[in-house]
Amino acid sequence: MKRDRGRALGRDMWRDAGLVAGKDLRIEWRSRATLGQIVPFAGLVLVLFGFALDANRPTLRLATSGLFWVTALFVTVVAVQRSSATETSDSARRMLLLAGIDPGAIFVGKAAAVAVQLLVVELVMLVGVVVLYGADIESIPLVAATCLVATAGLAATGSLLGALVAGVRARETILPILLLPVAAPVLIGATRSFDDALGSVAVNGWAWLGLLGGFAVLNAVVGVGTYATLLEEA
Amino acid sequence: MTLLKVRPRVEPGVELELRVGRSPVSTYRHRVAVIRLRGVIVLLERFPALAGVDLHVDAGEIILVRGPNGAGKSTLLGCCAGLRRPHSGTATVLGCDITSDRTPGRAELRRRVGLLGHDTALYDDLTVTENLELGARAARVPRREAPGALDRLALPSRLRTVPVGRLSAGQRRRTALAAIALRRPELWLLDEPHGGLDRPSRRIVDELIVEAATSGATVVVASHESGHVAGLATRTVTMTAGMVTDDAA
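Residues numbered from 1 in each chain as written. Chains lettered and ligands numbered in written order. Predicted model: local features only at pLDDT ≥ 70, side-chain atom pairs only at ≥ 80, totals over all residues.

1. A look at the overall build of chain A
Each helix and strand in chain A was counted, giving 9 helices and 0 strands. Here the C-alpha radius of gyration of chain A, 18 Å, is about what a compact globule of 234 residues would show, namely 17 Å. Projected onto its principal axes, the C-alpha positions of chain A cover 60 × 40 × 30 Å. For chain A, with 234 residues in total, the buried portion stands at 47%. Long-range pairs, those at least 24 residues apart, make up 83% of the contacts in chain A with a sequence separation of at least 6. (Helix = DSSP H or I, 4+ residues; strand = E, 2+ residues; numbered from the N terminus. Rg over C-alpha atoms; globule rule 2.2 N^0.38 Å. Buried ≥ 20, exposed ≤ 12 C-beta atoms within 10 Å, placed from the backbone. Contact = placed C-beta atoms within 7 Å.)

2. As for the overall build of chain B
Helix and strand content of chain B: 7 helices and 12 strands. Per-residue burial for chain B yields a buried fraction of 44% across its 249 residues. Across chain B, the fraction of contacts at a sequence separation of at least 24, relative to all contacts at a separation of at least 6, is 65%.

3. Remarks on the packing of helix α5 (residues 103-133) of chain A against helix α6 (residues 140-164) of chain A
Residues and elements named next belong to chain A. Where α5 contacts α6, the axes come no closer than 8 Å and their chain directions differ by 135°. If you check the angle between α5 and α6, you find them oblique. Once α5 is placed against α6, the crossing between them reads as right-handed. For the pair α5 and α6, the contacting residues are F107, K110, A111, V114, A115, L118, L119 and E122 in the first and C147, T151, A152, L154, A155, A156, G158 and S159 in the second. For the contact of α5 with α6, a count of residues per class yields 11 nonpolar, 3 polar and 2 charged. (Axes fitted to C-alpha atoms, helices over the stretch in contact; angles between N-to-C directions. Parallel < 35°, antiparallel > 145°, perpendicular 65-115°, else oblique. Left-handed = near helix turned anticlockwise from the far one by under 90°. Nonpolar A, V, L, I, M, F, W, Y, C, P; charged D, E, K, R; others polar.)

4. What to know about the nonpolar core
Residues A178, L189, V219 and V221 of chain B are the most contacted members of the largest nonpolar core, which totals 145 residues. Ranked by residue count, the leading element in this core is α5 of chain A, at 14 residues. Setting aside chain neighbours within four positions, we find A178 of chain B in contact with L132, A149, L150, R152, L153 and L155 of chain B. (Core = buried A, V, L, I, M, F, W, Y, C linked by C-beta atoms within 7 Å.)

5. Examining the sheet that holds strand β3 (residues 33-44) of chain B
Residue and element names in this part refer to chain B. As summarised here, the arrangement of the 4 strands in space is β4-β3-β6-β7, forming an open sheet in which the pairing is antiparallel. Only two strands of the sheet have a single neighbouring strand rather than two, namely β4 (47-58) and β7 (96-97). Direction of pairing for β3 relative to strand β6 (residues 88-93): antiparallel, over a ladder of 5 bridges. Bridging across to β6, I35 finds its partner in V93. (Pairing = 2+ DSSP bridges.)

6. Structural notes on the environment of V224 of chain A
Residue and element names in this part refer to chain A. Residue position: V224 is located in helix α9 (residues 205-233). Separated by 118 residues in the primary sequence, V224 and I106 place their C-alpha atoms 8.7 Å from one another. If we skip the residues at most four places from it in the chain, V224 touches G104, F107 and V108.

7. Focus on the pairing of strand β11 (residues 235-240) of chain B
The side chains of a regular strand alternate, residue by residue, between the two faces of the sheet. Residue and element names in this part refer to chain B. Relative to β11, strand β5 (residues 62-66) runs parallel, the two being bridged by 4 bridges. Across the sheet, L64 pairs through a bridge with T236, a residue of β11. Here β11 runs beside strand β12 (residues 243-248); their pairing, made up of 5 bridges, is antiparallel. The residue bridging V237 from the neighbouring strand is D247, located in β12. The antiparallel hairpin formed by β11 and β12 contains 2 residues in its connecting segment, where A241 sits at a positive phi of about 45°.

8. Focus: the interface of chain B and chain A
Each partner contributes to the interface: chain B provides 22 residues, whereas chain A provides 22 residues. Elements supplying a minimum of two residues to the side of chain B that touches chain A: α2 (103-111), β8 (113-116) and α3 (128-138) of chain B. A per-class count over the side of chain B that touches chain A returns 12 nonpolar, 4 polar and 6 charged.

9. Details of the environment of G78 of chain B
Residue and element names in this part refer to chain B. Within the secondary structure, G78 sits in helix α1 (residues 73-80). For G78, a count of 20 C-beta atoms within 10 Å gives the class buried. Sequence separation between G78 and I62 is 16 residues, and the spatial gap between their C-alpha atoms is 17 Å. Other than its neighbours up to four places away in sequence, G78 contacts L83 and R84.

10. Examining helix α5 (residues 169-183) of chain B
Every α-helical turn comprises 3.6 residues, leaving residues that sit three or four positions apart pointing alike. Residues and elements named next belong to chain B. When the terminal C-alpha atoms of α5 are compared, their 22 Å separation across 15 residues agrees well with the 21 Å that a helix rising 1.5 Å per residue should span. Of all 15 residues in α5, 13 are buried, a share of seventy percent or more. Looking one or two residues past α5, R184 carries a phi angle of roughly 45°, positive in sign. (Expected span 1.5 Å × (residues − 1).)

11. Description of the packing of helix α3 (residues 57-88) of chain A against helix α8 (residues 184-198) of chain A
Axis angle and axis distance: for two packed helices, these are the angle between their axes and the distance between the axes, and together they describe the pair. All names here are of chain A. Packing of α3 against α8 brings their axes to within 8 Å, and their N-to-C directions diverge by 140°. Considered as vectors, α3 and α8 are oriented oblique to each other. When the axes of α3 and α8 are compared, the crossing they make is right-handed. Of α8, the residues touching α3 (which contributes T64, S65, G66, F68, W69, V70 and L73) are L187, A190, T191, F194, D195 and L198. Each residue belonging to the contact of α3 with α8 can be placed in one class, and the counts come to 8 nonpolar, 4 polar and 1 charged.

If you want it as structure tokens, here you go:
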């Protein structure tokens, strides 16, 4: 009987997470912020990196993995700030809290919506690095797996820190200060993994996926466990 | 010496009459405490927004909490909704101990409470109907009841497909009240529910408050316009500087 109740609670949590993710994606789709602002922002950063490295193709090809994931980190900051602002504007998150949605489900839903946006931007960025930097993708499965796992980690970390700073007055500036160092393991792991997938450095990319996976799981568990407290304190 | 102990299982507010033969000797009104606060202190960045509040509210009551700006009315409502945890004192709302650090207890309480704060807790980019349907789905209320709740608050059909961000303050407030009414909470906590409303809308809100109390819910209204709400209230509580300074039936 206890197991049945646990199963029902689990079902409710996934259902609520889907509701929250659907709501966030609908709001994003309506505002066209991902396509109209975040994608151009990512493209601009990639172009500027190109200028900074003197548009030197061999250098750019070598540095593609790092530049790609640094840009992804910047994009995460912007996406998380938008996701956080949706909830803080007019205290809208109170609607979900007072409806009795498990805060853990709110966390999962918000992280999932951020992850979907990041994946869309990363897809465009991949085209960008191939066209602008002349990168060769040698292993599509490794690129896909890295994007999926690293994005899960970035979205979980970002959503967690977004809620942490939600009640702070200078949250727009504090979020990047917290997120960039905390997400450094993603930058390192995903860059190494991409190095292998793009054939720029001889490393075992699949092994680095383990680090990325561990990081994503750790942040997801911490997020589900602490989101209730973060929402109440905010 | 106690001869007989009777624990009547009756609905709150029901009156029982004790008779000896044909003559009534006593009446007993069954009361259930919905809010029971004793010496509650809530600190907001070390400032005592509530500085030792004592309050007792029974089921079915309409309480007007009045007081000047900064008296702690809104903090009191947030605290009763389980959104703010008291730093000290004893506090029970709908049977839940809100001083406990057990988050699931407060989450359970929040499900049974409807709170209208200064903010309307609506998503600006979603339409009126989408906001209500989201709230309904989250609270496990059938979505088909959303139009009825909007009808109750007299929100015209043409506004229902408009993003909430484009509504006037009064229309937003009515939408927020419709979202609360849709969930049929046991405890309504309304902070300045008439703020920004025109006269016909105020009347609709008054009717909604009375309707909620008649159906067995408890309503706490915080307002500095005491004159308007006082007519509806069964009791008026005055707050000053984070404390209840007057509690008159």
